[in-house]
Structure formats: C-alpha cells, structure tokens
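# Fold and geometry: a report
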Amino acid sequence: RWLRQHEYVEKLNMHGILSAAAGQEQLLTELLVTHGKIPVLIRELISVEIWKHKIFPVLCRLEDFKPRSTFPIYVVLHHEASIINLLETVFFYKEICESAEDSILDLIDYCHRKLTLLAARSTKAQAVTSAELRAEPLASPSSMQKQAEVMEFEISLKALSVLRFITDQVDSLPLSALTRMLNTHNLPCLLVELVEHCPWSCWEAGKLKKFENGTWHVVPPEDQVKMTKLDGQVWLALLNLLLSPECQRKYRFDGFNKSQLLKLRAFLTDVLIDQLPNLVEMQRFLGYLAVTEPAPPKKDLILEQVPVIWDHILKKNSGKWEAIAKHQVKHAFSPTEEELKLQARRWAQIYSLDMMEALAPDRPRCRVCGVEAAKRCSRCRNEWYCTRACQVQHWQKHKPACNLMA
C-alpha cells in the first residue's frame with residue numbers, strides 16, 4: 001500500500017513539474033486544496049524524515065542485512081525528495097499555504113531543520129560526493145549512506161524555496177507561525193548565515209563551482225557575481241521577514257540579532273541591487289537599523305499553537321526503532337526476485353522514456369564519464385553512454401538493474 005502511495009506522489013510530482021513548465025499548474029493546486037491533501041503531504045514528509053534519522057542508520061548497522069537489491073530502500077529515501085519537490089512546485093500559491101492550516105507550523109519546523117543542516121555543511125564535501133558515489137559498490141551500506149547525503153543536500157535546497165514561499169504569505173499566516181519563524185527559530189539570523197557561507201557554491205582547484213539544476217557547475221569568471229536562483233530565494237525571504245510591518249513589530253532586534261543583520265550591508269553591492277532592485281529597501285532599512293534602537297517587541301497575550309507531528313511520531317515509537325528496523329528488513333526490504341521484477345515494471349511505467357525526456361533540463365549524460373551521451377542501453381533503454389567502450393565498462397554494475405527492467 002505504501003509503494004502505491006509513493007507512486008501516486010511521484011505521478012503528482014511529475015505532473016506538477018510539467019504543468020509548471022507549461023504555466024498550467026492551477027488545476028493541480030485546486031485538487032490538492034479541495035481534497036485537503038497538503039496536511040497529508042506534510043505529515044508524510046516528516047514521517048520519512050524521522051525514518052531517515054531513526055530507522056535508516058539502524059538498517060545500515062544490522063549485520064544480517066545483506067539486501068539482494070537496495071532499490072526498495074532507495075524508494076523510501078527518494079520519497080522525501082518527491083514530496084518536497086511537489087510542495088516547492090505548488091506553495092507558490094496563497095491558497096496552498098492557507099490550506100496547510102495548523103500543519104504549516106510543522107512545515108516551518110521542517111524547513112528550519114533543513115536550513116540548519118545546510119548552514120552547517122562542508123561545501124568542499126558537497127562538490128566531490130557525487131563523484132565518490134560511482135566508486136562505491138552499489139549495494140554497500142556506505143553507498144546508501146552517501147546517496148542519502150547527496151539527496152539530503154538537494155532536499156535542503158528545496159526546503160529553502162518552500163520557506164521563501166511561506167514568507168511571501170506573512171500577512172495571512174497564523175500568529176503562531178510568525179512567532180515561530182521570528183523568535184523560536186530566529187530565521188532571519190539563519191538566513192544571514194546562508195548569505196555569508198553560501199553552501200551551494202565552493203572553490204575547487206582555483207575555480208568557483210555552484211550547484212544549480214541538480215549538479216555542480218564551474219562558473220566562468222564573467223558570471224561569478226551573477227545571482228543564482230538560490231541566492232535570490234534567501235534574499236527574498238529576508239525581505240519578506242524584515243520589511244513586513246507585522247514582522248518588525250514582533251521581532252527582537254537585540255544586540256546579537258542587530259549585529260548579525262548588519263552583516264548583510266557588506267553583501268548589498270551595486271551589482272547585486274541591479275539584479276534584484278527590491279534590495280534598495282533592504283539597504284535603506286539596514287542603514288536605519290544601524291543608527292537607531294528599535295522598540296522592543298510588543299508582547300501579545302495569546303495561546304500559542306505548537307507543531308505536533310514530529311513529537312507525536314517520536315513519542316509513539318520511542319524505544320521501538322530497532323524492532324521496527326528488523327521488522328522492515330524482514331517484510332519490506334528483502335523482496336523476492338519476482339517482487340523486485342514486478343516493482344521494477346511498475347516503476348518503468350511511471351518513468352516512461354517520453355516523460356523522463358520531458359523532465360530532463362539538459363541532454364542525457366554518460367553514466368561512466370559524464371560527458372554528453374547519444375547512445376542508450378538497447379535492453380532496458382534507461383542508461384545512457386557516450387561510446388560502446390563506456391557501456392562495456394559499466395555492464396557488470398548495470399547488469400542486475402538491466403535484467404530487472406528489461
């Protein structure tokens with residue numbers, strides 16, 4: 001049943017991407033709002049996040065866990081990425097944000113956790129992880145953990161976009177959501193950290209590399225001051241949180257917060273402002289903040305809502321994580337060869353070749369060397385190669401998956 005649910009999410013995700021590209025995503029958003037599915041998706045998102053933190057490490061440590069295929073585990077890891085990608089596509093709309101209702105607090109907490117991980121990451125490790133994956137045995141625990149790490153980075157970037165869309169609706173958010181963003185999690189200071197350390201860019205061998213569209217690219221010298229989409233998301237979130245009158249009324253501009261925010265002045269260059277003119281208002285606000293002492297936040301006597309999904313799942317399963325892991329090894333992650341073939345065929349129907357080519361932003365790349373590819377495996381038609389030599393070199397690794405898909 002869970003696999004069927006994942007297939008539905010995957011189909012919605014792909015439909016959302018294609019609809020957004022065509023400017024026709026309104027139908028999908030109306031369906032999600034009408035059927036009350038946004039809170040369901042948020043709960044599922046947090047459930048998989050907890051599985052990754054509590055169950056997945058136990059699975060990797062189990063000595064008797066030697067799966068024939070890591071495909072079922074990869075599906076669970078991929079489930080979180082599918083949901084956050086779907087939410088990123090639809091949260092642009094105000095009605096989606098409002099339909100989240102009380103679960104918006106849980107989503108804010110989720111985004112805060114991801115942004116905290118993002119701010120703490122080593123940018124040097126990000127650039128090399130994808131290359132290291134090719135050297136690992138496909139079914140080894142270390143390979144699965146590295147795959148999860150790569151996906152965690154990309155999921156965190158999606159969470160940044162979702163948070164920015166939430167801040168677009170600060171005027172219609174519940175008071176508890178605003179308090180949680182500004183004071184409980186102090187998101188303005190966390191966003192300043194992201195501006196300072198920019199985890200989606202790094203220097204390697206004297207060249208600047210930036211993470212865009214799912215891969216790391218070397219940036220030509222003439223484009224190094226160009227704002228990326230991720231840079232823009234951070235600055236827009238800061239604009240929403242700092243320039244809204246309601247946010248200014250509730251935020252604590254104490255000594256620490258003020259000193260952190262004033263670090264932004266060094267980044268507000270003329271080149272940056274030319275690319276995002278709204279930052280003139282930010283520059284003016286920071287200049288005012290530097291010479292004044294804002295009034296302390298007004299304390300409202302209210303009953304504050306708190307997120308419940310994360311705590312409920314943890315309390316319900318406290319002390320049971322190892323037992324759950326062993327149960328899943330026996331009943332979910334040790335399928336027979338026939339079950340694997342059946343699931344592979346179902347996935348092949350979801351990821352039809354026409355659909356995959358429509359979703360791909362660039363031309364396919366060789367599975368071995370990474371250069372642009374024009375040849376495809378004739379049996380399963382899922383792997384791409386630049387030459388026959390690369391295909392032969394990769395055959396031993398590709399053979400098990402090819403046999404499943406063919």
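Residues numbered from 1 in each chain as written. Predicted model: local features only at pLDDT ≥ 70, side-chain atom pairs only at ≥ 80, totals over all residues. Heavy atoms only, no water.

For the chain, the name recorded in an unreviewed UniProt entry is Zinc finger MYND domain-containing protein 10, with Thryothorus ludovicianus as its organism. Taken verbatim from the UniProt record of the chain, the Sequence similarities (unreviewed entry) comment is "Belongs to the ZMYND10 family." According to its UniProt record, the chain has this under Function (unreviewed entry): "Plays a role in axonemal structure organization and motility. Involved in axonemal pre-assembly of inner and outer dynein arms (IDA and ODA, respectively) for proper axoneme building for cilia motility. May act by indirectly regulating transcription of dynein proteins." (UniProt positions renumbered as here; feature names shortened; annotations may be inferred.)

### A look at the sheet that holds strand β1 (residues 201–204)
Pairing is antiparallel across the open sheet formed by three strands, whose spatial order is β1-β2-β3. Each of the sheet's edge strands pairs with one partner strand only, and the pair in question is β1 and β3 (215–218). The mean angle between the axes of side-by-side strands here comes to 35°, regardless of whether they run parallel or antiparallel. Pairing of strand β2 (residues 207–212) with β3 involves four bridges; the strand directions are antiparallel. Residue K209 lies in a different strand from β3, and its bridge partner there is V218. (Pairing = 2+ DSSP bridges. Helix = DSSP H or I, 4+ residues; strand = E, 2+ residues; numbered from the N terminus. Axes fitted to C-alpha atoms, helices over the stretch in contact; angles between N-to-C directions.)

### Re the confidence of the model for the chain
For residues with low pLDDT, the predicted coordinates do not support detailed interpretation. For the chain, mean pLDDT is 85; residues scoring 70 or higher make up 89% of the total. pLDDT under 50 marks residues 123–137. Its contacts with residues more than four places away, or in other chains, come to 32 contacts. (pLDDT = per-residue confidence, 0-100. Contact = heavy atoms within 4.5 Å.)

### Remarks on the nonpolar core
F91, I104 and L107 are the most contacted members of the largest nonpolar core, which totals 99 residues. It is helix α9 (residues 141–167) that provides the largest number of residues to this core, a total of twelve residues. (Core = buried A, V, L, I, M, F, W, Y, C linked by side-chain atoms within 4.5 Å. Buried < 20%, exposed > 50% of the residue type's maximum accessible area, 1.4 Å probe, protein only.)

### A look at the packing of aromatic side chains
A complete count under the given rule lists nine aromatic pairs for this structure. Judged by centre distance (5.0 Å) and plane angle (90°), the ring pair of Y251 and F253 falls under edge-to-face. Across the pair, exposure class does not vary: Y251 and F253 are buried alike. Members of the aromatic cluster, joined through ring pairs, are W51, F56 and F333. Residue placement shows R113 over the ring face of W310; its charged tip is 4.0 Å from the ring centre. (Phe/Tyr/Trp six-rings, centres within 6.5 Å; stacked < 30°, edge-to-face > 60°. Lys NZ or Arg CZ within 6 Å of the ring centre and 35° of its normal.)

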